[in-house]
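Letter by letter, the chains look like this.
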Amino acid sequence: MKATDHVKRAAYNKAVDYLLEDPVSHVRKIMDLLDKAAPDDLFPSQRKAFRTAIDSQNNWYQLIMKVLDLNPAVRDALLRTFIVDANLMAWPEQEKSRVKHGCNIPWAVLMDPTSACNLHCTGCWAAEYGHNLNLSYDELDAIIRQGKELGTHVYIYTGGEPLVRKRDLIRLCEAHPDCAFLSFTNGTLIDEEFCQEMIRVKNFVPAISVEGFEAATDGRRGEGTFGKVTHAFELLREHGLPFGVSCCYTSANAGSIASEEFFDWMIDQGVLFAWIFTYFPVGVDAPTDLMVTPGQREHLYRFVRKMRQEKPLFTLDFQNDGEFVGGCIAGGRRYLHINAAGDVEPCVFAHYANANIRESSLLDALKSPLFMAYHDGQPFNDNLLRPCPILENQNMLAEMVERTGAHSTDLQAKESARDLCAKCSRSIEEWAPVAERLWSDPSDPMHAKRQDPTQGMADSDMDKLRAQGRR
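Since the structure is predicted, the reported quantities are computational estimates derived from the model, not experimental observations.

The rules we used
- Residues numbered from 1 in each chain as written.
- Predicted model: local features only at pLDDT ≥ 70, side-chain atom pairs only at ≥ 80, totals over all residues.
- Heavy atoms only, no water.
- Buried < 20%, exposed > 50% of the residue type's maximum accessible area, 1.4 Å probe, protein only.
- Helix = DSSP H or I, 4+ residues; strand = E, 2+ residues; numbered from the N terminus.
- Pairing = 2+ DSSP bridges.
- Right-handed = clockwise from strand over helix to strand, strands pointing away.
- Contact = heavy atoms within 4.5 Å.
- Axes fitted to C-alpha atoms, helices over the stretch in contact; angles between N-to-C directions.
- Core = buried A, V, L, I, M, F, W, Y, C linked by side-chain atoms within 4.5 Å.
- Phe/Tyr/Trp six-rings, centres within 6.5 Å; stacked < 30°, edge-to-face > 60°.
- Lys NZ or Arg CZ within 6 Å of the ring centre and 35° of its normal.
- Salt bridge = Lys/Arg side-chain N within 4 Å of Asp/Glu carboxyl O.

Enquirer: With reference to specific residues and values, describe the pairing of strand S2 (residues 154-157).
Expert: The side-chain alternation of S2 yields two buried faces, one formed by Val-154 and Ile-156 and the other by Tyr-155 and Tyr-157. Two elements, strand S1 (residues 108-111) and S2, share 4 bridges in a ladder whose sense is parallel. Along S2, the bridge assignment pairs Val-109 with Tyr-155. Two elements, S2 and strand S3 (residues 180-185), share 4 bridges in a ladder whose sense is parallel. Within S3, the residue paired with Tyr-157 across the bridge is Ser-183. A crossover connection joins S2 to the parallel S3 through helix H8 (residues 166-175); in handedness this β-α-β unit is right-handed.

Dropping the structure here:
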């Protein structure tokens, strides 16, 4: 780290310390400092939302205060790590790496420590992978070290069930205190001992999978799972630890997930964030009847945006929020995925690769043909309500896979990208006119922003598009 970076980091940490002295009184001054210091393209819409929240003391202000009311021992260190190390210091380094290397550099790396899982959830590809594949501690550590050299300080565990490897995950938190770690988890392995470890390391946050209420959760994840999840919530809440939920939005649970009752329940449970993923029919035998209808998806689109105006819960609707981040974020543009066999995939839903982390560096994987096809093609559609090369743009993933010679990385049965795309054809055709209607609606609060081609784009994104003649 250069001397100027040390000075900058110290100044940022001092600002965070100032905030924590008296959050209510100092939060406005901190936002003033952040707006002056942060790069213009570092989450501008999000910073504006926080500014509005503070000024109006609305539901977002309530959420900020809930975060600041967490266990101080964890809160203080986690805020420094996430705000300073993982964003304010990391983003400029990522942008430098994007320019230097001419490829995507991720904000976050998703990794599968193991294929093992103690549950067998309907519609989950990992449920079919078996218990035999693992990334070793040294391999995980090497990925993180390589990522930090490129400016990446956020690491997210998927699986399998990551907490099967909870000891190694805690060791990685200890080894990399300048990184923020999040884990998708079914929550059934969170106990008192693990809560104490979270308090000790201070940089680990779980995102617990729920499908709605008891019937929907147990129906997909097994009888008794919901009770174990709520017990995990109770333990985390009692210790003042931050946690969120992850929801897979399907045709079967659409009514539960997109309901005010469910959102109020999450808030009552102490949940700080909710990540909602639309179901993809990934895998040879994946059922297509779980794919949402256009009506269900439009309802989620409208419902989540309404809840953001009313509820103290940070909600991401990954399929419908493309306009806030400039379209598809996969292929290393903002994230990538490394499975338990070491295959470096552009997306958790795109099981194809040219590179394996055991045979190539992280940077080489980012420069591999499939990743460069993502880089060169993003955004895949000018309508950012159609961001995905699988679920919204006909045969786009298949064409990239075939053109680059990428192979299937499915750990059970190899599925061609052409077959995966074929399962999505009807959904694509049905969603396209709905997306166009929503995108062009002059009454939509986002309409004016949608006329701005730079929406959600980093400087490196815009430089690439100008070089391509697309802007």
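Enquirer: With reference to specific residues and values, describe the sheet that holds S2.
Expert: In spatial order, the strands read S7-S6-S5-S4-S3-S2-S1-S8-S9; together these 9 strands make up an open sheet with mixed pairing. Each edge of the open sheet carries a strand with a single partner, namely strand S7 (314-317) and strand S9 (344-345). As paired elements, S1 and strand S8 (residues 335-338) share 4 bridges and run parallel to each other. Pairing of Met-111 across the sheet is with Ile-338, part of S8. Contacts between helix H7 (residues 137-150) and the sheet are confined to S1, S2, S3 and S8, with S2 contributing the most and set at about 150° to the helix.

Enquirer: Residues and numbers for the nonpolar core, please.
Expert: By size, the foremost hydrophobic cluster in this structure holds 68 residues, and its most contacted members are Phe-204, Phe-233, Met-266 and Ile-338. Counting residues per element, this core draws most heavily on helix H11 (residues 225-238), which supplies 6 residues. Filtering out sequence-adjacent residues up to four positions away, Phe-204 remains in contact with Tyr-157, Leu-163, Leu-169, Cys-173, Phe-181, Ser-183, Phe-194 and Met-198. With 49 residues, the next largest nonpolar core counts Val-154, Val-282, Cys-328 and Cys-388 among its residues.

Enquirer: Pulling in residues and values, what's your account of the packing of aromatic side chains?
Expert: Enumeration over the complete set of coordinates arrives at 16 aromatic pairs. Ring centres 5.5 Å apart and planes at 25° place the aromatic pair Phe-226 and Trp-265 in the stacked group. Here the residue Phe-226 occupies a position in helix H11, and Trp-265 occupies one in helix H13 (residues 260-269), the gap between them amounting to 39 residues. Considered together, Phe-226 and Trp-265 belong to a single accessibility category, that of buried residues. Between the aromatic rings of Phe-273 and Trp-275, the centroid separation amounts to 5.7 Å while the plane-to-plane angle is 50°, which identifies the pairing as tilted. A residue is classified by how much of its surface remains accessible, and Phe-273, at 11% relative accessible area, is buried. Above the plane of the ring of Tyr-137 lies Arg-171, whose end atom (NZ or CZ) is 3.7 Å from the centre.

Enquirer: Give a detailed account of the pattern of salt bridges, specifying residues and quantitative values.
Expert: If you walk through the whole model with that rule in mind, you get 30 salt bridges. Across the pair Lys-311 and Glu-260 runs a salt bridge, and its minimum N-O distance is 2.9 Å. Here the residue Lys-311 occupies a position in the loop between helix H14 (294-308) and S7, and Glu-260 occupies one in helix H13, the gap between them amounting to 51 residues. One salt bridge connects Asp-321 with Arg-305, and the closest N-O pair in it is separated by 3.9 Å. Taken together, the residues span a long stretch of sequence, with Asp-321 in the loop between S7 and S8 and Arg-305 in helix H14 at a distance of 16 residues. Taking the relative accessible area as the measure of exposure, Asp-321 reaches 8% and is therefore buried. Taking the relative accessible area as the measure of exposure, Arg-305 reaches 16% and is therefore buried. If you follow the salt bridges from partner to partner, you end up with Arg-305, Arg-308, Asp-321, Glu-323, Asp-444 and Arg-450 in one network.

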